[in-house]
Amino acid sequence: MADKNTIKDLLTEEIKDLYSAEKQLTKALPKMVKGSNDAALKEAFAGHLKETQAQVARLEEIGQLLEIKVTGKKCVGMEGCIKEGAEALEEEGQDAVLDLGIIGAGSRVEHYEMAGYMTAISLAKRLGAADVVNLLQQSLAEEEAAEKKLRQ
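As a starting point, this report considers the structure included with it. (Residues numbered from 1 in each chain as written. Predicted model: local features only at pLDDT ≥ 70, side-chain atom pairs only at ≥ 80, totals over all residues. Heavy atoms only, no water.)

### A word on helix α2 (residues 39–66)
Right, on to step 1. With 28 residues, α2 should reach 40 Å at 1.5 Å per residue; the first-to-last C-alpha distance of 40 Å fits that figure.
Right, on to step 2. Between a side-chain oxygen at the N-terminus of α2 and the backbone nitrogen of alanine 40 the separation is 3.0 Å; the capping residue is aspartate 38.
Right, on to step 3. Positive backbone phi, at 60 degrees, marks glutamate 67, one or two positions downstream of α2. (Helix = DSSP H or I, 4+ residues; strand = E, 2+ residues; numbered from the N terminus. Expected span 1.5 Å × (residues − 1). Polar contact = N/O pair within 3.5 Å; in protein donor to acceptor, adjacent residues only side chain to side chain.)

### Section: the layout of surface pockets
Right, on to step 1. As a volume, the largest pocket reaches approximately 200 Å³.
Right, on to step 2. Taken together, 18 residues make up the lining of the largest pocket; nearest its centre are Ala28, Leu29, Met32, Ile82 and Ala86.
Right, on to step 3. Sorting the residues of the lining of the largest pocket by element identifies α1 (7–35), α2, α3 (76–90) and α4 (95–127) as the ones contributing at least two each.
Right, on to step 4. Sort the elements by how many residues they give to the lining of the largest pocket and α1 lands first, with 7 residues.
Right, on to step 5. The residue makeup of the lining of the largest pocket, split by class, is 11 nonpolar, 4 polar and 3 charged. (1 Å grid on protein atoms, 1.4 Å probe; cavity = no way out; pocket = protein on both sides within 12 Å on 5 of 7 lines; lining within 4 Å. Points joined across faces, edges and corners; volume = space filled by probe spheres on them. Nonpolar A, V, L, I, M, F, W, Y, C, P; charged D, E, K, R; others polar.)

### Quick word on the environment of leucine 10
Right, on to step 1. Relative to the assigned elements, leucine 10 resides in helix α1.
Right, on to step 2. Note: C-alpha distance between leucine 10 and alanine 124 (114 residues apart in sequence) is 9.9 Å.
Right, on to step 3. Not counting residues within four places of it along the chain, the set of residues in contact with leucine 10 comprises Lys4 and Leu123. (Contact = heavy atoms within 4.5 Å.)

If you want it as structure tokens, here you go:
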């Protein structure tokens, strides 16, 4: 764990955590697509995979703007959310009910990400890093839209 003596130190840790979370999701989302029964749900997860890849690229851009390394931390919170999602994929039962379980797991993932992005936005605002705030807000908007789509 790195020392946190400045707001930038804390923001760096948040960015690393988000980067790890998004990278983990790029591996988990194809499994969610495959495990979903409903065509619209498959499409929602597939579309969010493309957004997640763009979010990874944005976080890499943020690393360049802040002159920080975005790698080197494992997001254990996302690891736990993904484990729960994997459990939902292993269940047996009626397709519609199983999809609802997958939706619940996906919704928890989105809320976890939204909390991380909101925290990073707040810290970046405190630093006056407007370019970073803008990039983070783009990703936050995508996460909010993805969660709303899942609820529908």
